[in-house]
Amino acid sequence: MSPRESDSRSAAKPGFKAGYIALIGPTNVGKSTLLNRILDYPISIVAPKPQTTRHRILGILNGEGYQALFLDTPGMRKPSYKLQEMMSKEIKLALKDADVVLLMFDATRPDELESASGKRKTNHKGTKGIELFTGRDTLVAINKTDKVDKKLLLPLVERLAGQGFEKVYMISALKGDGVEELKKAVINALPQGEPFYPPDMISERPERFFVAEIVREAIFNRYGEEIPYSTTVNVEEFKEREGRKDFIRAVIYVERDSQKAIVIGKKGAALKEVGSIARGRIERFLGRPVFLELWVKKAEAWCKNERFIRENVYKRQG
Ligand SMILES: Nc1nc2c(ncn2[C@@H]2O[C@H](COP(=O)(O)OP(=O)(O)OP(=O)(O)O)[C@@H](O)[C@H]2O)c(=O)[nH]1
Ligand SMILES: [Mg+2]
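Quick caveat, the model's predicted, so the values are computed rather than measured. (Residues numbered from 1 in each chain as written. Chains lettered and ligands numbered in written order. Predicted model: local features only at pLDDT ≥ 70, side-chain atom pairs only at ≥ 80, totals over all residues. Heavy atoms only, no water.)

Caption draft 1: How the structure looks around the coordination of the magnesium ion (ligand 2). Around the magnesium ion (ligand 2), the protein contributes the donor atoms Ser 32 (OG) and Thr 53 (OG1), at 2.0 to 2.1 Å from the metal centre. Here Ser 32 is found in helix α1 (residues 31–39), whereas its partner Thr 53 is found in the loop between α1 and β2 (57–63), with 21 residues between them in sequence. With a relative accessible area of 7%, Ser 32 lands in the buried category. (Donors = N, O, S within 2.8 Å, 3.2 Å for Na, K, Ca; no water. Helix = DSSP H or I, 4+ residues; strand = E, 2+ residues; numbered from the N terminus. Buried < 20%, exposed > 50% of the residue type's maximum accessible area, 1.4 Å probe, protein only.)

This is the structure we're talking about:
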């Protein structure tokens, strides 16, 4: 049950703001990078490849007079599809909770921006997708402005304005440009209410979820081709040990034997590299040393196996 469903919040302190912001947009636009930048903490994994984020990931930002609950989401892969067709359940769930929608685009991929604004127009005529954006504030951000000539940006803003997106924020999530202004606008758009979570919480998932994500990030950054998309990571053992490093055993599932060989590499070299990068990041994330053991297992065609996915990718976290 989400804190909203179990709503036992007392009457709001005057002026305190709290609410959910769904980060929505095509894949690879920099949604996770923005979340990490806003929180100043690497909570959501980032990779140069599309389709990195698979879950909706909550990042809690506590500030003077507000609690902003950002929900990172998986990217919409092909923006030429109808919006509702591109959405995974995770995106829908994030939108269900959202008080504010932050729609993100990539300045280097203006076609996606065009098609999304086109969809908004279509939706005004009665198709379903726009229901996502009605009844709540929608802010639009164009990211990766550090990669394009500034002259190219104004026409994009004008096109979006023509579709009803009045204020468009120009940002570089990587460098931080414009992020503070966007953050203020998002907080400003939040409804009044009591905080949903205690002020020292940054997310709601258990450590083992983030550990698996960090291993997955190392895989996304280490292997090419289909490997990242054919792998999922499960932390099967996580033991705190008196006077010794925490022991973590994670299993990397692949779909085929040939992939298993690639992931392991010659004499285990590739897997060793992944393990070493992941361990460093896990230690920084947890703030304590760990012993990380990685195993590779085949789970035949798991990407098509709903039961496997439910049990291993979207399992309920304790
Ligand atoms: N130059 C530049 N690169 C950026 C910026 N923001 C993100 N990136 C890069 O874009 C790539 C994708 O970033 P992510 O944050 O993983 O994008 P995402 O939208 O979460 O992607 P999915 O989860 O796969 O949908 C990474 O290589 C980032 O380093 C930016 O402002 N400027
Ligand atoms: Mg992401």
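Caption draft 2: Quick peek at the site of ligand 1. By nearness alone, 23 residues border ligand 1, and Lys 31, Thr 33, Thr 52, Thr 53 and Asp 146 come closest of all. One nitrogen or oxygen atom from the main chain of Thr 52 is found 2.6 Å from an oxygen atom belonging to ligand 1. Its free accessible area being 660 Å², ligand 1 has 91% of it covered by the protein chains. Its atoms largely coinciding with the cavity grid, ligand 1 occupies the second largest pocket. Top contributing element to the shell around ligand 1 by residue count: α1, with three residues. (Near = heavy atom within 4 Å. Polar contact = N/O pair within 3.5 Å; in protein donor to acceptor, adjacent residues only side chain to side chain. Areas by Shrake-Rupley, 256 points an atom, 1.4 Å probe, with all protein chains shown as cover. 1 Å grid on protein atoms, 1.4 Å probe; cavity = no way out; pocket = protein on both sides within 12 Å on 5 of 7 lines; lining within 4 Å. Sits in = over half its atoms within 2 Å of the grid points.)

Caption draft 3: Fine view of the confidence of the model for the protein. Residues of the protein with pLDDT of at least 70 account for 85%, and the chain-wide mean is 85. Put simply, helix α2 (residues 83–86) is where the protein has its lowest mean pLDDT, 32, and strand β9 (residues 290–298) is where it has its highest, 98. Every residue in residues 79–87 scores below 50 in pLDDT, and together they form 24 contacts with partners more than four places removed in sequence or on other chains. Counting interchain partners and residues more than four positions distant, the pLDDT-below-50 stretch residues 117–131 has 21 contacts. (pLDDT = per-residue confidence, 0-100. Contact = heavy atoms within 4.5 Å.)

Caption draft 4: Just the pattern of salt bridges, in detail. Evaluated as defined, the whole model comprises 21 salt bridges. Between Glu 90 and Arg 56 there is a salt bridge, and its shortest N-O distance comes to 3.4 Å. Residue Glu 90 is located in helix α3 (residues 89–97), and its partner Arg 56 is located in the loop between α1 and β2; the two are separated by 34 residues in the primary sequence. Given the relative accessible area of 10%, Glu 90 is considered buried. Judged by its relative accessible area of 24%, Arg 56 falls in the partly exposed class. Between Arg 281 and Glu 217 there is a salt bridge whose closest N-O contact spans 3.3 Å. Here Glu 217 lies in helix α7 (residues 207–222) and Arg 281 lies in helix α9 (residues 269–286), a separation of 64 residues in the sequence. Classification of Arg 281 by relative accessible area gives partly exposed; the value is 34%. (Salt bridge = Lys/Arg side-chain N within 4 Å of Asp/Glu carboxyl O.)

Caption draft 5: Structural view of empty space enclosed by the protein. Taken as a whole, this structure holds two cavities of 30 Å³ or more when the rule is applied. Space inside the largest cavity adds up to approximately 130 Å³. Along the walls of the largest cavity sit 15 residues, with Phe 209, Ala 212, Val 233, Asn 312 and Lys 315 positioned nearest its centre. Among the elements that take part in the lining of the largest cavity, α7 stands out by supplying five residues, more than any other. For the lining of the largest cavity, the per-class residue count stands at five nonpolar, five polar and five charged. (Points joined across faces, edges and corners; volume = space filled by probe spheres on them. Nonpolar A, V, L, I, M, F, W, Y, C, P; charged D, E, K, R; others polar.)

Caption draft 6: Representation of the packing of aromatic side chains. The tally for this structure, following the rule as stated, stands at eight aromatic pairs. Look at Tyr 20 and Phe 196: their rings are 5.4 Å apart centre to centre, the planes differ by 65°, and that puts the pair in the edge-to-face class. Taken together, the residues Tyr 20 in strand β1 (residues 17–24) and Phe 196 in the loop between α6 (179–189) and α7 connect sequence positions 176 residues apart. Of the two residues examined, Tyr 20 and Phe 196, each falls in the buried class. Pairwise contacts between aromatic rings join Tyr 41, Phe 209, Phe 210 and Phe 285 into one cluster. Lying over the aromatic face of Tyr 169, Lys 167 brings its terminal NZ or CZ to 4.7 Å of the ring centre. The aromatic ring of Tyr 223 is capped on one face by Arg 222, whose charged end is 5.2 Å from the ring centroid. (Phe/Tyr/Trp six-rings, centres within 6.5 Å; stacked < 30°, edge-to-face > 60°. Lys NZ or Arg CZ within 6 Å of the ring centre and 35° of its normal.)

Caption draft 7: Seen up close, the layout of surface pockets. Reported here for the second largest pocket is a volume of approximately 370 Å³. Along the walls of the second largest pocket sit 24 residues, with Asn 28, Gly 30, Thr 33, Val 46 and Lys 144 positioned nearest its centre. With three residues, the single largest contributor to the lining of the second largest pocket is α1. Class assignment of the residues belonging to the lining of the second largest pocket gives a composition of seven nonpolar, 12 polar and five charged.

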